[in-house]
Amino acid sequence: MSRLDKYRGIIPAFYACYDEEGNVSGERVQALTQYFIDKGVKGVYVNGSSGECIYQSVEERKLIIENVMAVAKGKLTVINHVACNNTKDSVELAKHSESVGVDAIASIPPIYFRLPEYSISAYWNAISDAAPNTDFVIYNIPQLAGTALTMSLFAEMMKNPRVIAVKNSSMPTQDIQMFKSAGLAAKDDFVVFNGPDEQFVAGRAIGADGGIGGTYGVMPELFLKLNELVEAGEKGQACELQYAINEIIYKMCSSRANMYAVAKEILRTNDNVNIGGVREPLENLQEADVMIAHEAAEMVKAAKERYLA
Ligand SMILES: CC(=O)N[C@H](C=O)[C@@H](O)[C@H](O)[C@H](O)CO
Ligand SMILES: CC(=O)C(=O)O
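Because the structure is predicted, anything quoted here is derived from the model rather than measured. (Residues numbered from 1 in each chain as written. Chains lettered and ligands numbered in written order. Predicted model: local features only at pLDDT ≥ 70, side-chain atom pairs only at ≥ 80, totals over all residues. Heavy atoms only, no water.)

**Remarks on the environment of aspartate 19**
Then, number 1: Secondary-structure assignment places aspartate 19 in the loop between β1 (10-12) and α1 (26-39).
Then, number 2: For the pair aspartate 19 and glycine 277, spaced 258 residues apart in sequence, the C-alpha separation works out to 8.3 Å.
Then, number 3: In contact with aspartate 19, other than residues within four places in its own chain, are Ser25 and Arg28. (Helix = DSSP H or I, 4+ residues; strand = E, 2+ residues; numbered from the N terminus. Contact = heavy atoms within 4.5 Å.)

**Points about the site of ligand 1**
Then, number 1: Residues in close proximity to ligand 1 include Ile141, Gln143, Lys167, Ser169, Gly195, Pro196, Asp197, Glu198, Gly213, Gly214, Thr215 and Met259, which together make up its full environment.
Then, number 2: Here an oxygen atom of ligand 1 sits 3.1 Å away from a polar atom, N or O, in the side chain of lysine 167.
Then, number 3: Summarising the interface, the protein chains cover 83% of the accessible area of ligand 1, which totals 390 Å² for the free molecule.
Then, number 4: Put simply, ligand 1 lies in the largest pocket. (Near = heavy atom within 4 Å. Polar contact = N/O pair within 3.5 Å; in protein donor to acceptor, adjacent residues only side chain to side chain. Areas by Shrake-Rupley, 256 points an atom, 1.4 Å probe, with all protein chains shown as cover. 1 Å grid on protein atoms, 1.4 Å probe; cavity = no way out; pocket = protein on both sides within 12 Å on 5 of 7 lines; lining within 4 Å. Sits in = over half its atoms within 2 Å of the grid points.)

**Observations concerning a nonpolar patch on the surface**
Then, number 1: Taken together, the side chains of Tyr112, Phe113 and Leu115 present a nonpolar region at the surface, about 390 Å² in accessible area.
Then, number 2: Relative to the assigned elements, leucine 115 resides in the loop between β4 (104-107) and α4 (117-129). (Patch = residues over 30% accessible without salt bridge, like charges linked within 9 Å, V, L, I, M, F, W, Y side chains within 5 Å. Salt bridge = Lys/Arg side-chain N within 4 Å of Asp/Glu carboxyl O.)

**Digging into unusual backbone geometry**
Then, number 1: The omega torsion of the bond from glutamate 280 to proline 281 falls at 15°, within 30 degrees of zero and hence cis.
Then, number 2: With a phi close to 55°, glutamate 52 is a non-glycine residue in the positive phi region.
Then, number 3: With respect to the helices and strands, glutamate 52 occurs in the loop between β2 (43-46) and α2 (58-72).
Then, number 4: Positioned with a positive phi, tyrosine 112 is a non-glycine residue whose angle comes to about 75°.
Then, number 5: Along the chain, tyrosine 112 falls in the loop between β4 and α4.

This is the structure we're talking about:
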């Protein structure tokens, strides 16, 4: 049993929860947290891409994590993504995260300006220093952040004892293996999370300890089952379920609306969890998108009947 085992498993990325006026709803944050506890997932990844973090204020992000912790404390591993595009606000969120007792904080690199690696490591270390008793997770998502985690930047970050994991959302699964082996060469234990949900089986096969994903939330049971199949070495069955999951994700992505708007409609339809829409400039649902969401919701139900029996 390792101290980091609490990070090994299925960790859904938490969706932004709004009321009917589009304001962050603490009550709905609590309801979504309870939904995840009931599903039996390992933890939640809050205020990340799926949390629409870059469209929210510092105060809103504090409100969200406070409401998650009110329900999740002692029941889920909680990772809070705290990156804002400036060090000051990120540091404030890191401090606040430690004060409410999260397990880990996470951060993307600063976006827009292409900063040198010494500025990125200084940014991450300043954030981590503001939460001196909290684990730190590097979030590598080059296709959206515009900056990739290189092996030299990774090596620099390994000097920080609180850096215990990388959430790897780059497309080459090989990156997972590179971070995993370099992490284990530098530390007693190190975790790599699979990012792209469509490659979960491949990511786990090459060394990921578990995954953090934006589509787990609409089908947590299917990802829990997928993880079990991987652990049992059932490659054939795992691939079959992965393909079924991918068809659902492709359906979700086929809408004109933003994928998270579709995800929220699936949750309303299948699970009676209402967390509102998405915040502009993300696109909300039009009639045709609602139909796509309902088709995806049916596909989730059918896959559960087929694979969880
Ligand atoms: C680019 C991106 O947002 N990646 C997410 C996190 O890694 C994934 O969980 C995707 O949301 C998911 O794989 C659907 O494409
Ligand atoms: C999708 C994901 O992992 C995120 O919300 O950051």
